[in-house]
Amino acid sequence: MADVLEKLEIVKKTGSEPFRERGSALGFSVFDFWRWSSSDLVGNTARGILAEFIVARALEIPTEKEVRDEWAPFDLETPDGIKIEVKSAAYVQSWEQARFSRISFGTPRTRAWDPESGLLASEPKRQADVYVFALFARQEVPIDPLELDQWKFYALSTAKLDERKSLSLSALEGLASPVAYYELADAVRKAARRD
């Protein structure tokens, strides 16, 4: 047995790849899995990943060939080297609610995982240059996270977070103004220049 298991090369799936048993296709595919596991785009898990994708597209970060690295120390990096952490929140969840959710974003310092050594860094720190807070702001039907007019985005220089471990919406709005999807790339670049 090898001493070190090399990092796996993840090949981007098309969705048509079949599940197999003993070499025979079983009649369901990766696309079927995606539909089953990721159709709830309002729920916390998929919405967070969706927010990363939306921010990547706004910043023209290539998504066609790349595969999301969930173990990376930050979520995205622009072609010109700006490292970005994306945080997502929403008033409406996919479950039944008695009231709208309170908006708060977790912003703790983190310990980066080193894929070379397989170890976490000893000291927590901020890994990104800019935080993008993606608020799915829609509060009435129809709820559709694919309609980007239902989102608000806030770009904030990491330096402005100080020692904060979380940020309420009112605190965030005291530090950054909301922007629309089409304004996000400029807001991120401005926030990066304010370090």
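Here the structure is shown first, and the text comes after it.
One structure accompanies this document, and this report is about it. (Residues numbered from 1 in each chain as written. Predicted model: local features only at pLDDT ≥ 70, side-chain atom pairs only at ≥ 80, totals over all residues. Heavy atoms only, no water.)

Some remarks on the overall build of the chain
Right, so step 1: In terms of regular secondary structure, the chain is built from 4 helices and 10 strands.
Right, so step 2: When the elements of the chain are put in sequence order from the N terminus, they spell out β-β-α-α-β-β-β-β-β-β-β-β-α-α.
Right, so step 3: Seen along its three principal axes, the alpha-carbon backbone of the chain occupies a region of about 60 × 45 × 30 Å.
Right, so step 4: Out of the 195 residues in the chain, the part that is buried amounts to 34%.
Right, so step 5: For the chain, restricting intrachain contacts to residue pairs at least 6 apart in sequence, the fraction spanning at least 24 positions comes to 56%.
Right, so step 6: Carbon and sulfur atoms provide 52% of the accessible area of the chain, an area that totals close to 13,000 Å².
Right, so step 7: Placing the 27 positive and 32 negative side-chain charges of the chain at their respective mean positions leaves the two points 4 Å apart. (Helix = DSSP H or I, 4+ residues; strand = E, 2+ residues; numbered from the N terminus. Buried < 20%, exposed > 50% of the residue type's maximum accessible area, 1.4 Å probe, protein only. Contact = heavy atoms within 4.5 Å. Areas by Shrake-Rupley, 256 points an atom, 1.4 Å probe, with all protein chains shown as cover. Lys, Arg positive; Asp, Glu negative; His and termini not counted. Charge placed at Lys NZ, Arg CZ, Asp CG, Glu CD.)

Here we look at helix α4 (residues 184-193)
Right, so step 1: L184, A185, A187, V188, A191 and A192 are the residues of α4 that are buried. In a view along the axis of α4, the buried residues occupy a sector of 165°, so they form one face of it. Of the exposed residues in α4, those oriented more than 90 degrees away from the buried face are D186 and R193.
Right, so step 2: Structurally, α4 contributes buried residues whose contacts are with α2 (44-58), β4 (83-90), β8 (130-136) and β9 (151-157). (Arc of directions from axis to C-beta.)

Observations regarding α2
Right, so step 1: Helix length check: α2 (15 residues) gives 21 Å between terminal C-alpha atoms against 21 Å at 1.5 Å per residue, within 8%.
Right, so step 2: The complete set of buried residues in α2 reads A46, R47, G48, L50, A51, E52, I54, V55, A56 and A58.
Right, so step 3: Packing partners of the buried residues in α2 comprise β3 (76-77), β4, β8, β9 and α4.
Right, so step 4: After α2 finishes, the residue E60 shows a positive phi value of roughly 55°. (Expected span 1.5 Å × (residues − 1).)

Section: the pairing of strand β1 (residues 18-21)
Right, so step 1: As paired strands, β1 and strand β2 (residues 24-29) are joined by 3 bridges and run antiparallel to one another. For P18, the partnering residue across the bridge sits in β2 and is S29.
Right, so step 2: Between β1 and β2, which pair antiparallel in sequence order, lie 2 residues; one of them, R22, sits at a positive phi of approximately 50°. (Pairing = 2+ DSSP bridges.)

Quick notes on the nonpolar core
Right, so step 1: Judged by nonpolar contacts, the single largest core of 27 residues is most densely connected at F153 and V188.
Right, so step 2: Those elements that place two or more of their residues in this core are α2, β4, β8, β9 and α4.
Right, so step 3: Excluding residues that lie within four positions of it along the chain, F153 makes contacts with I54, V55, V132, F133, A134, S177, P178, V179, A180, Y181 and L184.
Right, so step 4: F105, L156, L172 and A176 belong to the second largest nonpolar core, which has 16 residues in total. (Core = buried A, V, L, I, M, F, W, Y, C linked by side-chain atoms within 4.5 Å.)

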